[in-house]
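Per-entry structural report
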Amino acid sequence: MKDQEFEHLPSHFGMVSRRDFLKFCTIAAATMGLPMSMGLRMAEAVAAAKRPPVIWLSGQECTGCTETLLRSTHPTVEHLILNLISVDYHETLSVPSGHLAEEAKKASIKENKGKFILVTEGAIPTKDGGIYCLVGGRPVLEIVRETAPYAAAIVAIGSCAAWGGIPAAAPNPTGAVSTQEVLGDKFKVINIPGCPPNPYNFLSTVLYLVTFKKLPELDEKNRPLFAYRRLIHEGCERRPHFDAGRFALEFDDEGHRRGWCLYKLGCKGPVTYNNCPAVLFGDVGARSWPVGTGCPCFGCSEKEVAFTEPIPAMASLKFVEPSPALVGEGAESRPGGRVLRLTPPKTFAPIEAPRGAGPSAATVGVLAGLAGAALGAGAVAASRLGKGKETETAAETKKED
Ligand code: FSX
Ligand code: SF4
Ligand code: F3S
């Protein structure tokens, strides 16, 4: 596309140049599985529209969700966010405080009925009338309930808001629940879980709302499918080591230092849907996502995993059939079009391999063939992987080298 094609757009979106903004919109469109041309349409929608007002309510949380929006660059997410939306009320970011802030919130809700985006951050305590989290002397439980009916869209940012997160972990002394649970079925809350969540997933969701004026396609947990369609395990750069049966068994052992798979250190990538391996965030250096830095995924975007499953526990492995969109017509359709890309061979490596490097791809392929249908072989190997006796350790390998 030639430069003249963009001249109808402003040269800057606030502090972000047109070039950077277009670049971001194009990447966001690609992330959402939309044609590249949609990037331009998104930029046009943002340029044409009045910035949607946002009322940002906080409950029980660590403010990491807000921090993650403010601590990134390329191009600076907070600039994108603050130029895309008008944050009329945010307990951490608002300049006014106390009564002035509360007044500003009321005025914005009144003025923008049916037009503002309500963002909730943090879990909401319900026990004893919600007295365990008061804002302006009132339970946040009441504040969320009275604000939601006037919102155009409701976005729960972070796992605490999306499903209770840390505050709702057993024994959940305050009766903490998610925004959706507080509001009930009359409302559709878009969940962007993660602890903290990926700011680009939030930003892309807002871009989608502004451009298409409707909710993005959601999965059964109300997460935008464009971000939560795939398991971490499908896109992980350590996946070849998993397939080859090379596992780190202790932090800082030989396997860990060599970048082997973290499955046996409790990585929950095989049961966690999120796009972290593809859409990095945090900007702490190269490969800045948990597994990239050597830390097992703890399943922060899954209600049944993070703060529920013990961190060292090994995740159960499952197969998910490819969606028709990926394998062509004739494949069985699954809710949400979920896919688990089975990199060849179509099975998991056995863990009881001789010491040293894991079995070769060819060996595993033969094993799969011997065990019968690929799916059956996969299930067998998967169950062995979860229960198998650990006869090979990277540390032992090192000793014997
Ligand atoms: Fe929860 Fe957000 Fe985890 Fe923290 O505020 S999702 S505890 S990173 O930050 O709500
Ligand atoms: Fe990556 Fe974890 Fe899967 Fe290993 S188990 S390939 S570290 S996601
Ligand atoms: Fe969370 Fe796992 Fe990604 S812990 S940030 S879902 S790698």
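About the criteria used
- Residues numbered from 1 in each chain as written.
- Chains lettered and ligands numbered in written order.
- Predicted model: local features only at pLDDT ≥ 70, side-chain atom pairs only at ≥ 80, totals over all residues.
- Helix = DSSP H or I, 4+ residues; strand = E, 2+ residues; numbered from the N terminus.
- Buried ≥ 20, exposed ≤ 12 C-beta atoms within 10 Å, placed from the backbone.
- Contact = placed C-beta atoms within 7 Å.
- Pairing = 2+ DSSP bridges.
- Axes fitted to C-alpha atoms, helices over the stretch in contact; angles between N-to-C directions.
- Expected span 1.5 Å × (residues − 1).
- Arc of directions from axis to C-beta.
- pLDDT = per-residue confidence, 0-100.
- Core = buried A, V, L, I, M, F, W, Y, C linked by C-beta atoms within 7 Å.
- Domains from an automatic or database assignment.
- Parallel < 35°, antiparallel > 145°, perpendicular 65-115°, else oblique.
- Nonpolar A, V, L, I, M, F, W, Y, C, P; charged D, E, K, R; others polar.

1. Section: the overall build of the chain
Helices and strands together make up the secondary structure of the chain, namely 17 helices and 11 strands. Across the 401 residues in the chain, those meeting the buried criterion constitute 41%. Within the chain, contacts between residues at least 6 apart in sequence are counted, and of these 69% link residues at least 24 apart.

2. Structural notes on the pairing of strand 5 (residues 117–121)
In terms of burial, strand 5 is largely enclosed, as five of its five residues are buried. With five bridges connecting them, strand 3 (residues 53–58) and strand 5 associate as parallel partners. Counted as the bridge partner of Leu 57 is Thr 120 from strand 5. By the bridge criterion, five bridges tie strand 5 to strand 9 (residues 153–157) in an arrangement that is parallel. Note that in strand 9 the partner of Glu 121 across the bridge is Ile 157.

3. Thoughts on the environment of Gly 164
Within the secondary structure, Gly 164 is located in the loop between helix 7 (159–163) and strand 10 (176–177). On a C-alpha basis, the gap between Gly 164 and Pro 193 in space is 9.9 Å, while along the polypeptide they are 29 residues apart. Gly 164 has contacts with Ala 123, Ala 176, Val 177 and Ser 178, leaving out every residue within four places of it along the chain.

4. Focus on the sheet that holds strand 5
On the basis of which strands lie adjacent, the open sheet formed by five strands has the order 4-3-5-9-11 and parallel pairing. Two strands close off the open sheet at either side, each with one partner strand: strand 4 (86–90) and strand 11 (189–192). When strand polarity is set aside, the average angle formed by the axes of neighbouring strands in this sheet is 25 degrees. The strands that helix 5 (residues 98–111) touches are strand 3 and strand 4; relative to strand 4, the one it contacts most, it runs at about 130 degrees. Running over the sheet, helix 6 (residues 140–147) touches strand 3 and strand 5 and is turned about 155 degrees from strand 3.

5. Thoughts on helix 2 (residues 37–48)
Structural remark: α-helix, 3.6 residues per turn; residues separated by three or four positions point the same way. Under the 1.5 Å per step criterion, the end-to-end length of helix 2 is 17 Å for 12 residues, consistent within 8% with the ideal 16 Å. For helix 2, every residue scored as buried is listed here: Met 38, Gly 39, Met 42, Ala 43 and Val 46. End-on view of helix 2: buried residues confined to an arc of 145 degrees, all on one side of the axis. The outward face of helix 2, more than 90 degrees from its buried face, is lined by the exposed residues Ser 37 and Ala 48.

6. A few points about the confidence of the model for the chain
Averaged over every residue, the pLDDT of the chain is 78; the share at 70 or more is 75%. Within the model, the stretch residues 322–401 combines pLDDT values under 50 with 119 contacts to residues more than four positions away or in other chains.

7. Points about the pairing of strand 11
Taking every second residue as pointing to the same face, both faces of strand 11 are buried, with Val 189 and Asn 191 on one and Ile 190 and Ile 192 on the other. Where strand 9 and strand 11 come together, four bridges link them in parallel fashion. When the bridges of strand 11 are listed, Val 155 appears paired with Ile 190.

8. Points about helix 9 (residues 199–212)
Given a rise of 1.5 Å per residue, 14 residues ought to cover 20 Å, and the 20 Å separating the end C-alpha atoms of helix 9 matches this to within 8%. Burial runs high along helix 9: 11 of the 14 residues are buried. Three or more residues of helix 9 are buried, namely Pro 199, Tyr 200, Asn 201, Phe 202, Ser 204, Thr 205, Val 206, Leu 207, Tyr 208, Leu 209 and Thr 211. One or two steps after helix 9, the chain reaches Lys 213, where phi turns positive at roughly 55 degrees.

9. Describing the nonpolar core
Ile 117, Ile 124 and Val 155 are the most contacted members of the largest nonpolar core, which has 80 residues in total. Two domains each put at least three residues into this core: domain 1 (3–228) and domain 2 (232–400). If we ignore the near neighbours within four places in the chain, the residues touching Val 155 are Ile 117, Val 119, Ile 190, Ile 192 and Thr 205.

10. Digging into the packing of helix 2 against helix 9
A packed helix pair is summarised by two numbers, namely the angle formed by the two axes and the spacing between the axes. Between helix 2 and helix 9, whose axes approach to 9 Å, the crossing angle comes to 75 degrees. Relative to helix 9, the element helix 2 lies roughly perpendicular. Along the contact surface, helix 2 presents Arg 41, Met 42, Ala 45 and Val 46, while helix 9 presents Leu 207, Val 210 and Thr 211. The residue inventory of the contact of helix 2 with helix 9, partitioned by class, reads five nonpolar, one polar and one charged.

11. Some words on unusual backbone geometry
Backbone torsion omega between Ala 170 and Pro 171 reads 10 degrees, so that peptide bond is classified as cis. Along the polypeptide, Pro 171 turns up in the loop between helix 7 and strand 10. A positive phi angle, close to 45 degrees, is found at Asn 172, a residue other than glycine. Residue placement: Asn 172 occurs in the loop between helix 7 and strand 10. For Asn 172, a count of 15 C-beta atoms within 10 Å translates into the label partly exposed. The phi torsion at Asp 252 lies on the positive side, around 70 degrees, for a residue other than glycine. The residue Asp 252 is located in the loop between helix 12 (239–244) and helix 13 (254–257) in this model.

12. Overview of the environment of Gly 114
You can see Gly 114 is positioned in the loop between helix 5 and strand 5. Taking the number of C-beta atoms within 10 Å as the measure of exposure, Gly 114 has 8 and is therefore exposed. In contact with Gly 114, not counting residues within four places along its chain, are Tyr 150 and Ala 152.

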